[in-house]
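Close look at the chain arrangement
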Amino acid sequence: MLRPWVDDDAPAFLDIYSRDEVIRWLGPHPRRVTVTTLETAHERLRFRHERVAGLSPPMGLWAIVPIETDRPEPIGTLLLMPLEDAAGPTDQVEIGWHLHPDHQRRGYATEAAKAVLDAAAAAGIEEVLALTDLDNEPSQRVALRLGMTDEGATERWFGMSLRQYRKALRRSG
């Protein structure tokens, strides 16, 4: 299930984003864990709420919550967000995923991304990009499973070298 992150998710957010295994792939270098307390988890959740304010679904930062568990708490994030480069806003949209290490390699990222890609196509979004760290082979495999085309390395986004994947979306129905 995908749903918005809520304030009560702060413990799960802390558990995910306080781990080197997650942070090692996110953001500019040097990458280091900065979510270390429940207070910082709450601050980051507030920042995420501000960041998605005004975006229409399926755009957003979505909590991935397994439905087959007794504890419906998030195990990761699926994002669909507009991209900016050094010149400012672009017409490009990024899809991405972050998962708790205990829930990786189980198909959650692929399943969540497929659902958001279907919703994006229905909303009229024509294509999406996935941007991965050059060495993030697990995320690259997810992008390929989603039918995305590997366009190689780029330095256009976030002032970093990243591997870019692209997928054209087809409207259903």
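Here, every reference points to the structure presented above.
These lines cover the structure that appears in this document, whether it is placed above or below.

The rules behind the values
Residues numbered from 1 in each chain as written. Predicted model: local features only at pLDDT ≥ 70, side-chain atom pairs only at ≥ 80, totals over all residues. Heavy atoms only, no water. Patch = residues over 30% accessible without salt bridge, like charges linked within 9 Å, V, L, I, M, F, W, Y side chains within 5 Å. Areas by Shrake-Rupley, 256 points an atom, 1.4 Å probe, with all protein chains shown as cover. Salt bridge = Lys/Arg side-chain N within 4 Å of Asp/Glu carboxyl O. Lys, Arg positive; Asp, Glu negative; His and termini not counted. Charge placed at Lys NZ, Arg CZ, Asp CG, Glu CD. Helix = DSSP H or I, 4+ residues; strand = E, 2+ residues; numbered from the N terminus. Buried < 20%, exposed > 50% of the residue type's maximum accessible area, 1.4 Å probe, protein only. Pairing = 2+ DSSP bridges. 1 Å grid on protein atoms, 1.4 Å probe; cavity = no way out; pocket = protein on both sides within 12 Å on 5 of 7 lines; lining within 4 Å. Points joined across faces, edges and corners; volume = space filled by probe spheres on them. Nonpolar A, V, L, I, M, F, W, Y, C, P; charged D, E, K, R; others polar. Polar contact = N/O pair within 3.5 Å; in protein donor to acceptor, adjacent residues only side chain to side chain. Contact = heavy atoms within 4.5 Å.

**Let's talk about a positive patch on the surface**
There is a patch of like positive charges on the surface, built from R105, K114, R141 and R145. Topologically, R141 is positioned in helix α5 (residues 137-145). Taking relative accessible area as the criterion, R141 reaches 38% and is therefore assigned partly exposed.

**Observations concerning the pairing of strand β2 (residues 60-64)**
Here β2 lies mainly inside the structure; five of its five residues are buried. Side-chain alternation along β2 places G60, W62 and I64 on one buried face and L61 and A63 on a second face that is also buried. Note that strand β1 (residues 2-4) and β2 share three bridges and pair antiparallel. Paired with L2 across the strands is I64, a residue of β2. Bridge count between β2 and strand β3 (residues 76-85): five bridges; the pairing is antiparallel.

**Things to note about the layout of surface pockets**
Quantified by volume, the largest pocket comes out at close to 1400 Å³. The set of elements that each furnish at least two residues to the lining of the largest pocket consists of α1 (10-17), α2 (20-23), α3 (38-52), β3, β4 (88-99), α4 (108-122), β5 (127-133) and α5. No other element matches the six residues that β4 contributes to the lining of the largest pocket. For the lining of the largest pocket, a count of residues per class yields 25 nonpolar, 10 polar and 13 charged.

**Brief notes about the side chain of T77**
With respect to the element layout, T77 can be found in strand β3. A polar contact of 2.7 Å, which involves the side chain of T77, links it to the side chain of Y17. If we skip the residues at most four places from it in the chain, T77 touches W5, Y17, R48, L61, W62, I64, G96, W97 and H98.

**Side note on the environment of V35**
The topology assignment puts V35 in the loop between α2 and α3. Given the relative accessible area of 2%, V35 is considered buried. Look past the residues within four positions of V35 in its chain and what remains in contact with it is F13, L14, Y17, S18, T40, A41 and R44.

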